[in-house]
Amino acid sequence: QEIERYFRDAEGRVVIVESAADLEEALAAEAQFTVIAYSTLIHNGVVDRLLQVPFDSLIWDECQYAATVTGSGLETAHEQEELQGSQRAIACCRLVDGIQFQRILALSATPWQNHPKEMAAIAHALRRDLFPTVGAFHQSRPTDARFLRELFAENVVEVDLDEVLDLPPMTP
């Protein structure tokens, strides 16, 4: 709804894919931003089609849902039959693993250090140099939130709610 309110414009810079049937038309529009809801992302063939598009950035809203992805010794998230978790989490992991994004902005209002082991998919996305697979993070047996905070110091920005509330109003 925020994208619709603030960024949709007549120039077509933002295309919102509201159903799997709209995907091809949206991709052909060559918009600056393509917004795809989780409800669309989980349809058969959508991730496979998106993997063919050279996106340069991913804004991954509600990234904490990736915590449901588990597996060990995986070579890539493409090995979907070995991954378990919610459909949307697996879909996002497949995108992160299959597209060489220049930038990933993973958004969450959930404190990530509550359960360090739940960081696996996000750790893989943010630090492929250390965790080339989801399973590699699990195999490292992460348990210390302080260690993870230091490890991801350059990747994690924490913002308090009062800081968000003080932002200036957005205008299209």
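Refer to the structure presented above.
Keep in mind it's a predicted model, so treat the numbers as computed, not measured.

(A) Quick look at the overall build of the protein. If you tally the helices and strands in the protein, you get nine helices and four strands. Counting only residues that meet the buried cut, the protein has 34% of its 172 residues in that class. Considering only residue pairs separated by 6 or more positions, the protein has 52% of its internal contacts joining residues 24 or more positions apart. Summing over all exposed atoms, the protein offers an accessible surface of approximately 11,200 Å²; the carbon and sulfur share of this is 50%.

(B) Quick peek at the pairing of strand β1 (residues 14-17). By the alternation rule, side chains of β1 split into V14 and I16 and V15 and V17, which are all buried. As paired elements, β1 and strand β2 (residues 33-36) share four bridges and run parallel to each other. Residue pairing for β2: V14 is matched across the bridge by F33. Once the chain exits β1 it traverses helix α2 (residues 23-28) before rejoining the sheet at β2, and the crossover so formed is right-handed.

(C) The arrangement of helix α5 (residues 87-98) in detail. Spanning 12 residues, α5 covers 16 Å between terminal C-alpha atoms, matching the ideal 16 Å at 1.5 Å per step. With respect to burial, α5 is a largely interior element, nine of its 12 residues being buried. Among the residues making up α5, those that are buried are A89, I90, A91, C92, C93, R94, L95, V96 and D97. The secondary structure elements touched by the buried residues of α5 are α3 (38-41), α4 (46-50), β3 (57-60), β4 (103-106) and α6 (120-126).

(D) Structural view of the side chain of T40. Relative to the assigned elements, T40 resides in helix α3. When neighbours within four sequence positions are excluded, T40 is seen to be in contact with V17, E18, S19, A20 and V46.

(E) Local environment of the pattern of salt bridges. Counting across every chain of the model gives five salt bridges. For D48, the salt bridge is made with R94, and the minimal N-O distance between the two is 2.5 Å. Placement of the pair is D48 in helix α4 and R94 in helix α5, with a sequence separation of 46 residues. The partly exposed category is assigned to D48, whose relative accessible area is 39%. Classification of R94 as buried rests on a relative accessible area of 12%. Residues D129 and R127 are paired through a salt bridge, measuring 3.0 Å at the closest nitrogen-oxygen approach. With a relative accessible area of 58%, D129 lands in the exposed category. Here R127 falls in the buried class, since its relative accessible area comes to 18%.

(F) Spatial organisation of the packing of aromatic side chains. For the coordinates displayed, the defined rule picks out one aromatic pair. Above the plane of the ring of Y38 lies R88, whose end atom (NZ or CZ) is 4.9 Å from the centre.

So, how was this worked out
- Residues numbered from 1 in each chain as written.
- Predicted model: local features only at pLDDT ≥ 70, side-chain atom pairs only at ≥ 80, totals over all residues.
- Heavy atoms only, no water.
- Helix = DSSP H or I, 4+ residues; strand = E, 2+ residues; numbered from the N terminus.
- Buried < 20%, exposed > 50% of the residue type's maximum accessible area, 1.4 Å probe, protein only.
- Contact = heavy atoms within 4.5 Å.
- Areas by Shrake-Rupley, 256 points an atom, 1.4 Å probe, with all protein chains shown as cover.
- Pairing = 2+ DSSP bridges.
- Right-handed = clockwise from strand over helix to strand, strands pointing away.
- Expected span 1.5 Å × (residues − 1).
- Salt bridge = Lys/Arg side-chain N within 4 Å of Asp/Glu carboxyl O.
- Phe/Tyr/Trp six-rings, centres within 6.5 Å; stacked < 30°, edge-to-face > 60°.
- Lys NZ or Arg CZ within 6 Å of the ring centre and 35° of its normal.

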